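# What the coordinates show
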Amino acid sequence: MHDPAAATDDSLIAAASRGDEAAFARLVQRHSSRALAVATRFLGSPSEAEEVVQEAFWRAWRGTARWRPGEAAFSTWLHRVVINLCIDRERRARLRRFLSLEAAPEIAEPGVSADERLVAVGELRAVLDDIRRLPARQRAAVLLAGSGERSNAGIAAVLGVSEKAVESLLVRARRSLRTSLRERLGEDR
Amino acid sequence: MINLQRFEEALDRRGPDLERWPLAERAAAATLLVTSTAARVAHEEAARMQDLLAAVVDTAPQRPGAAERIMAGIAARRSAPPPDPLLILARPQAAMALTAAAAVMFALGAFGGGDLAAQLTQGPSFDGSYSAMIDSDTLPAIFEGN
């Protein structure tokens, strides 16, 4: 591969299927940051998010030979797996907590970075808490919408639901977040 | 013409970026924004929420070297032997979890809590199309046979 930076995802996957680890590493470099951001905000934990994203890339690595080029964007597939791994993980954690096998986790890991310390205060912190309280699929839809990279049709492709279903999820999520925002603004006055 | 209520519904459905709205709705919304103060307030509020959501994703904390660790993890898993399922079940934590789960499910079933038991094992009560996504092993349909 002459210029890995300019290579398409499909060509990188094809190279990876022939054992080219450098090509797969390029895919990881290209897509892991966004996937980690969504997973971190979904789960509230950077370390858990990294485990989830690593699992998604592991599945991608194992599936490179079966990739169908041009059928869907790799990013769509990756986010789909990441979101569902997040949902699985949260469901299992809820069951374990119900069975008292582990203590309830913190909402977020403290003091990870300067950015996180900034996020820990003020309006953004409050919105983060509101997002964490949303039902899982509303949370997934609103985080994907928040990144601004996908249309509702793109979010539907990630979640594997219809565009109408995405609109319904977004309506409920945004109304809920807006209600909380208005309540906080009312309290501040 | 679009009224305020429908405009607010459309904001929730499509977000505040009117460029992403269908052409007819976009034109109606633009007209309403010129004539209605309440519509402008609603649009500003939606834009503010979108900015917050973008900031939530953009400021997600990431530990340096994540991509390298992901690749190292993949390399480690490639060289690791597959786990023995009997050894996993023999772990004390797994045995305790299985025992506790069996006891709870038995109790829930015995006292008429079958629905709750089903919810706990199946996860959130998503609709059919989404619940099919819950088991990640069945999800990556874009890969053949996965």
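Higher on the page you've got the structure.
The present account deals with the structure reproduced in this document. (Residues numbered from 1 in each chain as written. Chains lettered and ligands numbered in written order. Predicted model: local features only at pLDDT ≥ 70, side-chain atom pairs only at ≥ 80, totals over all residues. Heavy atoms only, no water.)

Each helix and strand counted, chain B has eight helices and zero strands in total. Across the 146 residues that make up chain B, the buried fraction comes to 34%. Of all intrachain contacts in chain B linking residues separated by at least 6 positions in sequence, the fraction that spans at least 24 positions is 37%. Summed over its atoms, the accessible surface of chain B is roughly 8,500 Å², and 62% of this surface lies on carbon and sulfur atoms. (Helix = DSSP H or I, 4+ residues; strand = E, 2+ residues; numbered from the N terminus. Buried < 20%, exposed > 50% of the residue type's maximum accessible area, 1.4 Å probe, protein only. Contact = heavy atoms within 4.5 Å. Areas by Shrake-Rupley, 256 points an atom, 1.4 Å probe, with all protein chains shown as cover.)

Further remarks concern the overall build of chain A. When you go through chain A residue by residue, the secondary structure sums to nine helices and zero strands. Going from the N terminus to the C terminus, chain A shows its helices and strands as α-α-α-α-α-α-α-α-α. The proportion of buried residues among the 189 residues of chain A is 54%. Summed over all atoms, the accessible surface of chain A reaches about 8,300 Å², with 49% contributed by carbon and sulfur.

This part is about the packing of aromatic side chains. Residue and element names in this part refer to chain A. Evaluation of the coordinates by the stated rule reveals six aromatic pairs over all chains. Look at Phe24 and Phe57: their rings are 6.1 Å apart centre to centre, the planes differ by 90 degrees, and that puts the pair in the edge-to-face class. In this pair, Phe24 is assigned in helix α2 (residues 21-43) and Phe57 in helix α3 (residues 46-63), connecting sequence segments 33 residues apart. The buried category is assigned to Phe24, whose relative accessible area is 1%. Taken together, Phe24, Phe57, Trp61, Trp67, Phe74 and Trp77 form an aromatic cluster joined through their ring pairs. (Phe/Tyr/Trp six-rings, centres within 6.5 Å; stacked < 30°, edge-to-face > 60°.)

We now examine the pattern of salt bridges. Under the defined criterion, the tally for this structure stands at 26 salt bridges over all chains. B:Asp58 is the partner of A:Arg34 in a salt bridge, and the nearest nitrogen-oxygen pair spans 3.1 Å. Of this pair, A:Arg34 sits in helix α2 while B:Asp58 sits in helix α3 (residues 37-58), which puts the two residues in different chains. When salt bridges with common partners are traced through the structure, they connect A:Arg175, A:Arg178, A:Arg182, B:Asp12 and B:Glu45 into a single cluster. (Salt bridge = Lys/Arg side-chain N within 4 Å of Asp/Glu carboxyl O.)

Another aspect to go through is the side chain of A:Asp130. All names here are of chain A. Summarising the element assignment, Asp130 is placed in helix α6 (residues 122-133). In this structure Asp130 comes out as buried when scored by relative accessible area, which is 7%. Separated by 2.9 Å, the side chains of Asp130 and Arg133 make a polar contact. In terms of polar contacts, Asp130 uses its side chain to reach the side chain of Arg184, at 2.6 Å. Discounting residues that sit within four places of it in the chain, Asp130 has contacts with Leu177, Ser180 and Arg184. (Polar contact = N/O pair within 3.5 Å; in protein donor to acceptor, adjacent residues only side chain to side chain.)

A few words now on helix α1 (residues 9-17) of chain A. Structural remark: α-helix, 3.6 residues per turn; residues separated by three or four positions point the same way. Residues and elements named next belong to chain A. Within the span of α1, buried status applies to Asp9, Leu12, Ile13, Ala15 and Ala16. One side of α1 carries all its buried residues, which in axial view fall inside an arc of 160 degrees. Just past α1, the residue Gly19 takes up positive phi, approximately 95 degrees. (Arc of directions from axis to C-beta.)

What follows deals with the environment of A:Glu167. Of note, A:Glu167 is situated in helix α9 (residues 163-188). By relative accessible area, which is 7% here, A:Glu167 ends up buried. When the C-alpha positions of A:Glu167 and A:Ala141 are compared, they lie 9.0 Å apart, and in sequence the two are 26 residues distant. If we skip the residues at most four places from it in the chain, A:Glu167 touches A:Asn152, B:Arg13 and B:Arg14.

With that out of the way, let us pick up the packing of α2(A) against α3(B). A pair of packed helices is characterised by two quantities: the angle between their axes and the separation of those axes. Packing of α2(A) against α3(B) leaves a shortest axis separation of 8 Å and a crossing angle of 110 degrees. Taken together, the axis directions place α2(A) and α3(B) in an arrangement best described as roughly perpendicular. Taking contact as the criterion, the partners of A:Arg34, A:Ala37, A:Val38 and A:Arg41 in α2(A) are, on α3(B), B:Val56, B:Val57 and B:Asp58. Taken together, the residues that form the contact of α2(A) with α3(B) break down as four nonpolar, no polar and three charged. (Axes fitted to C-alpha atoms, helices over the stretch in contact; angles between N-to-C directions. Parallel < 35°, antiparallel > 145°, perpendicular 65-115°, else oblique. Nonpolar A, V, L, I, M, F, W, Y, C, P; charged D, E, K, R; others polar.)

Counting residues in each nonpolar core, the largest one holds 69 residues, and the members touching the most others are A:Phe24, A:Phe57, A:Phe74, A:Val82 and A:Leu159. Of all the elements, α2(A) adds the most residues to this core, at 11 residues. Each of two domains, domain 1 (1-99) and domain 2 (101-189) of chain A, supplies a minimum of three residues to this core. Residues contacting A:Phe57, with those up to four places away along its chain left out, are A:Phe24, A:Leu27, A:Val28, A:His31, A:Ser32, A:Phe74, A:Leu78, B:Ile70 and B:Ile74. (Core = buried A, V, L, I, M, F, W, Y, C linked by side-chain atoms within 4.5 Å. Domains from an automatic or database assignment.)

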